[in-house]
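Architecture and fold: a report
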Amino acid sequence: MLVTQHPVFRRFWYPVMPLSHLRQTQGQPGNPQPFQLLGQRIVLWLTPEGTVAAVEDRCCHRTAQLSRGCVVAGCIQCPYHGWQFDATGACVKVPQLQPHERIPASYKVKAFQTQIRYDYAWVCLEPDPLLPIPDFPEAEDPRYRVIHDFYEAWQCSAFSFMENVFDNAHFSIVHTRTFGDTSNPIPAISEIRETDYGFHTYAEIPAVNNDLQKSNLGMKEDRTLRCTSGDWFMPFLHRGKIVYPNGLEAILFVAMTPIDDYTSQMAHFWIRSDREEDAPAANIIAFNRQVMDEDRVILETIPADRPLAVESEQHMLSDKPSILMRRKLMALLRESERGSLVSKG
Ligand code: FES
Ligand code: CO
């Protein structure tokens, strides 16, 4: 499935950039930043009100890239002839006009709606999002800490990544240096319940603790059990809550924001019930780096244009979440073609 061929994906919210990237870039505050979402080039910047503006990254004059310009009084200034556009995309300044000349209303660029959640700028390319941005209550709860670990592009389809997150059968084969139990390839089977946003899963997954993970989890044992509740938020966002036997809670947020058909931007952070004194964030990130690298070598070899159709591949019992994901995505595409989708966002 090639995402850019299905306009319905433009009707979802995606985390596109950490706010820290917009606040401070190249030593200067508030520089505009380019991003590509589902093939659409956009430019993002912070407004003086603290909101994020997002407009298409092409000037309506001679199509220069606005992201090469700068932010002036909350507007983006084109680097070519200096026209300025506000957060609604309206042109508010043309330096070449005489003071008595008015700016034509046709001088405008397309603007996109934005939100700020979880220290990320989120963008929806269409005015009627199908679902709201999911709630992660622990992210705003002072009893938990948030550890931002990865914001990086993978040469992988967002769908293949999401499918992998719910695939309990690869742990013992792929994650051999981190948490996979190589002595037991029989995967934990997830209970799965369909929801309006996607699905919810629960599984009790045996895992091995390497030395780094023992200190990260505050455990001496070589093995543990991950009681894992997973949520898939259509189309490409995952929440996984792991409760360990010692009571530690670790909630994973991972979104794969589609840049284009073949590339996805990972937004990845953890929300944990322990403190920095218990397990330094740097060590948690180091362990997750190993886990992500193990997945990456496989996922970047999987073609983005593989069909969604269930019958196009072979399956086993633990593939239930993948099969439901495909069915729900195919239903979404069908309903979108029929024009029968209703916005709940
Ligand atoms: Fe942007 Fe001329 S190309 S002002
Ligand atoms: Co994996």
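Above this text sits the structure in question.
Remember, it's a predicted structure, so these values are computed and weren't measured experimentally. (Residues numbered from 1 in each chain as written. Chains lettered and ligands numbered in written order. Predicted model: local features only at pLDDT ≥ 70, side-chain atom pairs only at ≥ 80, totals over all residues. Heavy atoms only, no water.)

**Considerations on the nonpolar core**
What tends to happen in soluble globular proteins is that the nonpolar side chains get buried as a cluster. Formally: Think of a nonpolar core as a cluster: buried Ala, Val, Leu, Ile, Met, Phe, Trp, Tyr and Cys residues, connected wherever their side-chain atoms sit within 4.5 Å. Each residue gets one of three labels from its accessible area relative to the maximum for its type: buried under 20%, exposed over 50%, partly exposed in between, using a 1.4 Å probe on protein chains only. Secondary structure counts use DSSP, requiring at least four H or I residues in a row for a helix and at least two E residues in a row for a strand, with both numbered from the N terminus. Note on definitions: a residue-residue contact is assigned when non-hydrogen atoms from the two residues lie within 4.5 Å.
Formed by 69 residues in total, the largest nonpolar core has its most connected members in Phe9, Val16, Leu44, Val123, Phe161 and Phe236. Here this core gets six residues from one element, more than from any other, and that element is helix 5 (residues 281–299). Once residues lying within four places of it in the same chain are set aside, the contact partners of Val16 are Phe35, Leu37, Leu44, Ala121, Trp122, Val123, Tyr151 and Thr257. Listed in part, the 16 residues of the second largest apolar core include Tyr118, Phe253, Ala267 and Phe269.

**Observations concerning helix 5**
Where we set the bar: For a helix, the expected span equals 1.5 Å multiplied by the number of residues minus one. Relevant arc is that of directions from the helix axis to the C-beta atoms, nothing else.
Taking 1.5 Å per residue as the helical rise, helix 5 with its 19 residues ought to reach 27 Å, and the 26 Å between its terminal C-alpha atoms agrees with that figure. For helix 5, every residue scored as buried is listed here: Ala281, Ile284, Phe287, Asn288, Val291, Met292, Glu294, Asp295 and Leu299. Looking straight down helix 5, one finds that the buried residues subtend no more than 150° of arc, so they occupy a single side. Relative to its buried face, helix 5 has exposed residues pointing more than 90 degrees away, namely Ala282 and Val297. On its buried side, helix 5 packs onto strand 13 (145–154), helix 2 (158–165), helix 3 (171–174), helix 4 (211–217), strand 16 (223–233) and strand 19 (264–272).

**Points about the sheet that holds strand 7 (residues 70–72)**
How we decide: By the convention used here, strands pair only if DSSP detects at least 2 bridges between them.
Taken in spatial order, the four strands of this open sheet run 7-8-9-10, and their pairing is antiparallel. Each edge of the open sheet is held by one strand with a lone partner, namely strand 7 and strand 10 (91–93). In this structure, strand 7 lies alongside strand 8 (residues 75–77), joined through three bridges in antiparallel fashion. Bridge pairing in strand 8 links Val72 to Cys75.

**Some thoughts on the sheet that holds strand 14 (residues 191–194)**
Spelled out, the test is: The axes used here are C-alpha line fits, helices contributing only the stretch in contact, and every angle between their N-to-C directions lies in the interval 0 to 180 degrees.
What the seven strands build is an open sheet, ordered 13-19-18-17-16-15-14; its pairing is antiparallel. Bordering the open sheet on either side are strand 13 and strand 14, each of which pairs with just one other strand. Direction aside, the axes of adjacent strands within the sheet are offset by 15° on average. As paired elements, strand 16 and strand 17 (residues 237–243) share seven bridges and run antiparallel to each other. Each bridged residue has a counterpart across the sheet, and for Cys227 the counterpart in strand 17 is Val243. The strands touched by helix 2 within the sheet are strand 13, strand 16, strand 17, strand 18 (249–258) and strand 19, with strand 18 carrying the most contacts at an inclination of about 160°.

**A word on the layout of surface pockets**
We apply this condition: The way it works is a 1 Å grid over only the protein atoms, where trapped points that fit a 1.4 Å probe form a cavity and open points with protein on both sides within 12 Å along at least five of seven lines form a pocket, and then any residue with an atom within 4 Å of a point lines it. Grid points are joined across faces, edges and corners, and a volume is the space filled by probe spheres set on the points. Lys, Arg, Asp and Glu make up the charged group, whereas Ala, Val, Leu, Ile, Met, Phe, Trp, Tyr, Cys and Pro make up the nonpolar group; the residues left over, Gly among them, are polar.
Here the largest pocket defines a volume of roughly 360 Å³. What lines the largest pocket is a set of 22 residues, among which Glu163, Asn164, Asp167, His170 and Asp319 lie closest to the centre. A per-class count over the lining of the largest pocket returns eight nonpolar, seven polar and seven charged.

**Regarding empty space enclosed by the protein**
Overall, the coordinates contain three cavities of 30 Å³ or more when judged by the stated rule. One number sums up the size of the largest cavity: a volume of about 540 Å³. Along its surface, the largest cavity is lined by 36 residues, and Val165, Arg226, Ile242, Leu252 and Trp270 are the ones closest to its centre. When contributions to the lining of the largest cavity are tallied by element, the ones reaching two or more residues are helix 2, strand 15 (198–208), helix 4, strand 16, strand 17, strand 18, strand 19 and helix 5. It is helix 5 that contributes the most residues to the lining of the largest cavity, six residues altogether. Counted by class, the lining of the largest cavity contains 19 nonpolar, 14 polar and three charged residues. Taken as a whole, the second largest cavity spans an internal volume of roughly 120 Å³. Lining the second largest cavity are Asn168, Phe171, Ser172, Phe179, Asp181, Asn184, Pro185, Ile186, Pro187, Ala188, Ile205 and Pro206.

**Here's the deal with the pattern of salt bridges**
Spelled out, the test is: A carboxyl oxygen of Asp or Glu within 4 Å of a side-chain nitrogen of Lys or Arg is what we treat as a salt bridge.
For the structure on display, the rule yields 26 salt bridges. The partner of Arg145 in a salt bridge is Glu276, and the shortest N-O contact between them spans 3.2 Å. With Arg145 in strand 13 and Glu276 in the loop between strand 19 and helix 5, the pair connects residues that are 131 residues apart, well separated along the chain. Residue class for Arg145 comes out buried when judged on its relative accessible area of 13%. Residue classification places Glu276 among the partly exposed residues on the basis of a relative accessible area of 42%.

**Some remarks on the coordination of the cobalt ion (ligand 2)**
What counts is decided by this rule: Donor atoms: N, O and S within 2.8 Å of the metal, or within 3.2 Å for Na, K and Ca. Because water is excluded, sites can look incomplete.
Looking at the cobalt ion (ligand 2), one finds its protein donor set to be His170 (NE2), His175 (NE2), Asp295 (OD) and Asp295 (OD), positioned 2.1 to 2.5 Å from the metal centre. Donor residues for the cobalt ion (ligand 2), ordered by position in the chain, follow H-x4-H-x119-D. On the accessibility criterion, His175 (1% relative accessible area) is buried.

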